[in-house]
Structures are given as C-alpha cells and as structure tokens.
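Architecture at a glance
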Amino acid sequence: MNSLVLLILIIAGGALLSYFGHKINKILGNITVFAVALIIPIYWFTQVDFTETVSFTVSGFHMELGYNMYGKLFSMIVMILSPLALIYAIGYMKDQKKLATFYFSFLFSILGMTGILMSRDFVSLFIFWEIMTWSSYLLVIFLGKDVQKTGIKYMVFSAIGAYAMLMAIVIIYKNTGSMMLSDYFGSFAGFTLQTKLLTGILLLLGFAVKSAVMPLHVWAPGAYSNTPMAYTSVFSGALSKMGIYGLGFVVVNLFAQANLEIVGYVLAWMGAITAVLATFSAVFQHDAKKLLAYSSIAQLGYIVTGIGIGTELSIMAGLYLAVLHAAFKGVLFMVVGAVERQAGTTDMNVVSGLARKMPFTFFTALIAIIALAGIPPLGGFVGKWMLYESLINNSNFLMVIMIFLSSTAAFLYCFKFLFGLFLGQQEPEFDHVKEASPVMIIPMLLLSVFLLVTGAYPGIVFKYVAEGMTNLGFHDVNWQMSVLTNAWGDSVNVQHVYLSVVVVFVAFLIFITWRGYKHSTKISTKDISSSGEMIKPEDNMTYAMDFYKPFQRVLQPILKWKINKYYEDFGKGLEALFDFMRRIYTGNGQTYAVYVIIFLAILLIFSKSIFGY
C-alpha cells in the first residue's frame, strides 16, 4: 500500500481507536493514545516515501497527494509537536470528561494538517482544510468557556477564510480548467491583472485568517486561551503554521514571480503592525493564557513579515522562526497548563513563586522564554538577527524599527510571565503545589532540549528550511549569507556566544540560589501596612498587580482603538437587519397577499418606465 495513504489511515484509525477505547475504559483509551502518539511520528520518519504520490479522480476532478520539500518542512513541525502534545494531554486531561471526543478531535486535526501539507490540488486542500477547522472548533468549545463569544467568533472567521478560498478555487478552475496547484502556478503569469489580484488576494485572505494577521486576529486570543492547553500548544505551534504555509507559496510562487511584490510588501507591513500591537496587548494581560495568546499573534507577525518581504534571507528567517515558534510556544502553553492543573489558576495576580515547587516546569519555561525573547544563545536570537538583517538589506528601515520595538517590548511580558508565575513571593495558599506528572514534564523537556540544540547549531534547522525553499523558486540556498554564519560572522561564532552565556547563567544561578537559601525570610505579600492602615488578608498587594501601569497609561490612547469593537458593531448591525427581515417574513398568508398586491400596484404604476409601454 502507498505509504501516504497508510499514514492517513493510521491517523484516522488512531482517532477511531482512541474514541472507542475511551468509551470502554479510560485506561484503555490512554494506552491507545500513547501508542498512537508513538506510532505516527515513527512511521512518518522511517517509512514514508517522500517521492511517492497517489492520484485519483472524484466527480471528474483529478486529485493528487504527495509531499514536496516545502510541505515536508511544515509536516516535521506537525509530526514532532503533535505527538508530544498528545502524550502531555494524558496527564493534563486526566480528570476531564468527554475524553473520547477530545482525542478524536485532536487526532482529526492532525489528520487535517497532514492532508493539507500533502495536497497537490485545491479540492483535497480544501477538504483537509475543513477537517482541520471543524475538529479544532470542537476543541475550542470543549471546555464550555465563552462558547457563544469565542466559539462563534472562531467559526465565523474560519468561514470567512474558507469561503474566500472557495471563491478563489472556483475562479481558478474557470480560468485553467484544472484543480491542480501546479497548473495554477504555471498559468498565473498569463492571467489578467484583475484575475491575478482576485485569486491571489482571496487565497491570502483564507491563509491570513489562520495566521492571525491583524485585523483578522480577533478570534485568536479567546480561542487560544479557552482551549485545553494540551491542544493549544498544537493550535498555536502547528495549526497556525498552515496559514504561514499557504502565505509562503502565494506570496513567493505567485506575486513575486508576476512582479507584483507590492502585495507581499503590504502583507509584510501587516505582519509588522501585528507584531507591535499584539506585543503591547500581551504586556498588559494578567492571565498567563491570554498573555501567551497575544504573544503568539505577535510572533506570527514576525514570520509574516519575513514571508512578505520575499527575499532569500527574509524567507529563511521567517521559516526558521516558524519552526522555533512551534517549539517554544509548545513549551510555554504546556507550562501554563501544568501551572493551571497544579495550582488551579493562571492568574498572575493570584499565583506566584512556584519556581521551587515546580522546578522542572520553571526550567522549561525559562528556556522557552529565552528563545522567544531572542536572547543568545538560543535560536530566537539567530532568527531575529536574520530578520533584522534582511529588512536592512532591503532598505526597510522603518519596518525594522517596528520589529525591533516589538522584540524589545517582548522582554516586558517575558519578565512578567516568569516573575508572575515563578519568581515572585510564594503565598501560603500554594504550599500544597507539587511538580507536574512525568508524562507532562517529559514532552516539555524534550522540546526544551530541541531549543538548546538548535540555538547552538541552527544549521540543523537551516538544512530543512533551505530544502523547503527550493519549492518556492530559490536554488542553491546557503544560510551563510547572514553575517552570523559567513566569513565575517565567524568572529561572532554562535557556539562561542552559547558557551559564554551558559557559563554566566550557571554562575549567576548558583549565586542567587545560595544567597536565597541563606538570607531569605518568607513573608507574605499581605503582611504589610500602608499609611497607618493595616492591609486586610483579602487585599492583593502582589507586585504583579498593575505590573506595567505606567506603560499602560502612555499607550492607552493607541490600544483603546480595538478592531474587535468594529466587528461587534457590524455584527449588531446585521442582527438588527435580520430582526427587521423577521418582521417582514411573518409567516402569515394574509400579510404575504398584501405584499403581492402592493408589488403588482407598483408594477402597474411604473409599467411604462419599466417595460416601455
């Protein structure tokens, strides 16, 4: 049997087996999930033949599945992160109900992403896109939090993206007579300017929704924070990359080749604006889940900027950051899930000082935060450096200022996240907290090791990025084009930076640990007086309260203009219109008869002007 077909059957079969396994017995279901989580990546890495294709015809449409190197790059993200998240979920979801539905939806979303990255035609791409969307929707509403607000918003924006893609597909078929992606790419140069822009922008719209590019991002904060954290790690780390995958081949394979780089340039600016605004929105969140949700949107903004610029270096930076984003955001959402499970809350105004209680979780959070912030020696530094360099080389100086502003401001929420959950004063009510279970810790540690290794040896990832870029029209891609890795850049060798930072970090960690144990006195944050008035026990004087209030006052005039308000006003307008329509369509036959008489009277009165007699 074709290895690609067998891969799809394994994932779909695993979804069904886990569903019925959990219906029979929770232990049996968890064993099934664990087995499937091991089998899928092992089969993908050892048995899948990436040169194979499978073709079939459905209702007269020729369809084809098969990997190219660009799809393989993104599939690696799915095949590494998703199984680890499945294993993590066994511990995180231990006390939840409806586990059969959860794992079934989880595995079908993996199936959808896998199919998208194999699709060589628009029909199968659209089918797998819908599988991914509907299965992820079931997980967005799984916990029953803000279903009317979050769930509907996610579904509405997903529908907007899907219908935009469907409209583009119909126009493409009309102009090419084919559903194959290669035929569209090959025929694009011969289209009229109107058809080029219409089909390309409709596809961009569909992919941009999943990438949470502003102003199409409003579904993401609620969806990321209300979904079970076991899946949010995949939601943010892998599923959002399906949008990045599509943006890459549309911007580079289409608009760049047709000398319409202006479209990519506009997309790059949208990414830069997304990075800045989402970063400052993250800074002022007090719930760790919401903070990471906005942070994810901001990090995707960097990636979109790199893709939009469209140069060899910017594309490499964007795709490299896409891989790293999957790893460090996967870790951070797992960390928040562990805190939520062990402490019962992710509100940084409530919980703090968990570093000693959850040392392994703190360690993985620290590694992921360093990678996210772009601090040497981890890979985030390499990716952001290359993005800055590509923008400067392309004379996009204002854009590089915006990206640098966003990256610098990210330090604010990175510190807030670490301090709020782990480094603040430990309160007595959290004395009972213990480290998360090994089944949750191990996936976080493995991803952290990946971040450490790729920081010292980024060429491991660059190799696959360079191979993937060949499908975007780049040839003989060499990552030594960056000053970090070329002959001049060897003087700032990444391994030397890595070693230096590790030595300083370890020495500092030993020092503060020794000082902390020797001199610290545990005093509750509530054990304080102010202006002669004793603070009551219920008063929260935690330092995390109003952490960045001065910054918030300065930025309030900018951040108060939220696009979400305009969407809500538009929705209310539609609701009012539908209410009016319901009054017209009363269901009463006599009323409809009156409408008919009025219509005929209008025809008689204006018959001469309408019909000419």
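About the criteria used
Residues numbered from 1 in each chain as written. Predicted model: local features only at pLDDT ≥ 70, side-chain atom pairs only at ≥ 80, totals over all residues. Heavy atoms only, no water. Patch = residues over 30% accessible without salt bridge, like charges linked within 9 Å, V, L, I, M, F, W, Y side chains within 5 Å. Areas by Shrake-Rupley, 256 points an atom, 1.4 Å probe, with all protein chains shown as cover. Salt bridge = Lys/Arg side-chain N within 4 Å of Asp/Glu carboxyl O. Helix = DSSP H or I, 4+ residues; strand = E, 2+ residues; numbered from the N terminus. Buried < 20%, exposed > 50% of the residue type's maximum accessible area, 1.4 Å probe, protein only. Axes fitted to C-alpha atoms, helices over the stretch in contact; angles between N-to-C directions. Left-handed = near helix turned anticlockwise from the far one by under 90°. Contact = heavy atoms within 4.5 Å. Nonpolar A, V, L, I, M, F, W, Y, C, P; charged D, E, K, R; others polar. Parallel < 35°, antiparallel > 145°, perpendicular 65-115°, else oblique. Core = buried A, V, L, I, M, F, W, Y, C linked by side-chain atoms within 4.5 Å. Phe/Tyr/Trp six-rings, centres within 6.5 Å; stacked < 30°, edge-to-face > 60°.

A contiguous nonpolar surface patch, about 350 Å² in accessible area, is contributed by V449, V453, Y457 and I460. Looking at the element boundaries, Y457 is found in the loop between α17 (438-456) and α18 (459-469). For Y457, a relative accessible area of 48% corresponds to the partly exposed category.

Here we take up the packing of helix α14 (residues 359-373) against α17. Axes are the key here: two packed helices are described by the angle between their axes and the distance separating the axes. At their nearest, the axes of α14 and α17 sit 9 Å apart, and the two run at 35° to each other. Seen along the crossing, α14 lies across α17 with a hand that is left-handed. Where α14 approaches α17, its residues F360, T361, F363, T364, I367, A368 and A371 are matched on the opposing element by I441, M444, L445, S448, L451 and L452. In terms of residue class, the contact of α14 with α17 is made up of ten nonpolar, three polar and no charged.

Where helix α3 (residues 69-92) meets helix α10 (residues 229-256), the axes come as close as 8 Å, and the angle between the chain directions of the two elements is 170°. Regarding the angle of α3 to α10, the classification is roughly antiparallel. Facing Y70, G71, F74, I77, V78, L81, S82, A85, Y88, A89 and Y92 of α3, the residues of α10 in contact are M229, A230, S233, V234, G237, A238, K241, M242, I244, Y245, G248 and F249.

So, on to unusual backbone geometry. The omega torsion across M214 and P215 is 10°, close enough to zero to call that bond cis. Even without glycine at this site, A212 takes up a positive phi of about 60°. Here A212 shows up in the loop between α8 (193-210) and α9 (220-226). On the basis of relative accessibility, which here comes to 0%, the residue A212 falls in the buried class. With phi around 65°, S395 is a residue other than glycine that occupies positive phi space. Among the structural elements, S395 can be located in the loop between α15 (379-393) and α16 (397-423).

So, on to the nonpolar core. Residues F102, W219, F417 and F422 are the most contacted members of the largest nonpolar core, which totals 200 residues. Examining the composition of this core, we find that 22 residues originate from one element, helix α13 (residues 312-343), more than from any other. Setting aside residues up to four positions removed in sequence, F417 forms contacts with A288, L291, L292, L332, V335, V336, M348, A365, I369 and F422.

This next bit is on the packing of aromatic side chains. Aromatic ring pairs are defined here through the distance separating the ring centres and the angle between the ring planes. Counted according to the given criterion, the structure contains 38 aromatic pairs. Between Y19 and F104, the ring centres sit 5.7 Å apart and the planes meet at 65°, which makes this aromatic pair edge-to-face. Of the two residues, Y19 is situated in helix α1 (residues 3-24) and F104 in helix α4 (residues 99-118); the sequence distance between them amounts to 85 residues. According to the relative accessible area criterion, Y19 is partly exposed, its value standing at 27%. Note on W44 and Y67: the rings are 6.3 Å apart at their centroids and 85° apart in plane angle, and the pair reads as edge-to-face. Of this pair, W44 sits in helix α2 (residues 26-46) while Y67 sits in the loop between β2 (61-66) and α3, placing them 23 residues apart in sequence. Across the pair, Y67 and W44 agree in class, each one buried. Aromatic rings pair up to connect Y70, F74, F122, W129, Y184, F185, F188, F191, F207, Y245, F249 and F255 into one cluster.

Let us look at the environment of L313. Structurally, the position occupied by L313 is in helix α13. Exposure remark for L313: the relative accessible area of 7% places this residue in the buried category. Spatially, the C-alpha atoms of L313 and N478 are 9.3 Å apart, while their sequence positions differ by 165 residues. Excluding anything up to four places from it in sequence, L313 contacts M386, E389, S390, N393, M481 and S482.

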